[in-house]
Amino acid sequence: MTDQQILEALTTIFRAALGADEIVLKPETTTHEIPKWDSFRYVEIILQVETELGVRIRAREANKVKNVGELVALIQSKLAGA
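Report on the accompanying structure. (Residues numbered from 1 in each chain as written. Predicted model: local features only at pLDDT ≥ 70, side-chain atom pairs only at ≥ 80, totals over all residues. Heavy atoms only, no water.)

1. Considering the packing of helix α1 (residues 3-18) against helix α4 (residues 68-79)
Put simply, α1 and α4 touch, their axes get as near as 10 Å, and they point 115° apart. Considering only the axes of α1 and α4, their crossing is right-handed. Each of Asp3, Ile6, Leu7, Leu10 and Phe14 in α1 lies in contact with α4, whose residues at this interface are Val68, Leu71, Val72, Ile75, Gln76 and Leu79. Across the contact of α1 with α4, the residue classes break down as nine nonpolar, one polar and one charged. (Axes fitted to C-alpha atoms, helices over the stretch in contact; angles between N-to-C directions. Helix = DSSP H or I, 4+ residues; strand = E, 2+ residues; numbered from the N terminus. Left-handed = near helix turned anticlockwise from the far one by under 90°. Contact = heavy atoms within 4.5 Å. Nonpolar A, V, L, I, M, F, W, Y, C, P; charged D, E, K, R; others polar.)

Below, the structure written as structure tokens:
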């Protein structure tokens, strides 16, 4: 799966979790740029990522993510078996 495909999957997940079809994610997007992206929704997003992309993300890994690009990189590393 390419970074672009992961970004597209994340966009779909974020839109559904946050109820905001206008969200356009970029690698540099942070929580501060999306008002509804709070800690509760982030857990929901991570659970959905695990389900849809077939990866396991630990809480401590998710807590280190500072932007969407880092989340993409984390997912990519999980898909590669790291």
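Alright, that's what it looks like, and here's the rest.
2. Observations regarding the pattern of salt bridges
By the definition in use, this model includes three salt bridges. One salt bridge in this structure joins Arg41 and Glu44, with 3.1 Å as the shortest N-O distance. Note that Arg41 and Glu44 are positioned in helix α2 (residues 39-53) at a spacing of three residues, about one turn of the helix. Notably, a salt bridge pairs Glu50 with Arg56, separated by 3.3 Å at the nearest N-O pair. On the basis of relative accessibility, which here comes to 54%, the residue Arg56 falls in the exposed class. (Salt bridge = Lys/Arg side-chain N within 4 Å of Asp/Glu carboxyl O. Buried < 20%, exposed > 50% of the residue type's maximum accessible area, 1.4 Å probe, protein only.)

3. Here's the deal with the environment of Ile46
With respect to the helices and strands, the residue Ile46 is situated in helix α2. On the accessibility criterion, Ile46 (6% relative accessible area) is buried. Once the C-alpha coordinates of Ile46 and Ile57 are considered, the two residues, 11 residues apart in sequence, prove to be 7.3 Å apart. Aside from chain neighbours lying at most four places away, what touches Ile46 is Ile57, Ala62 and Leu71.

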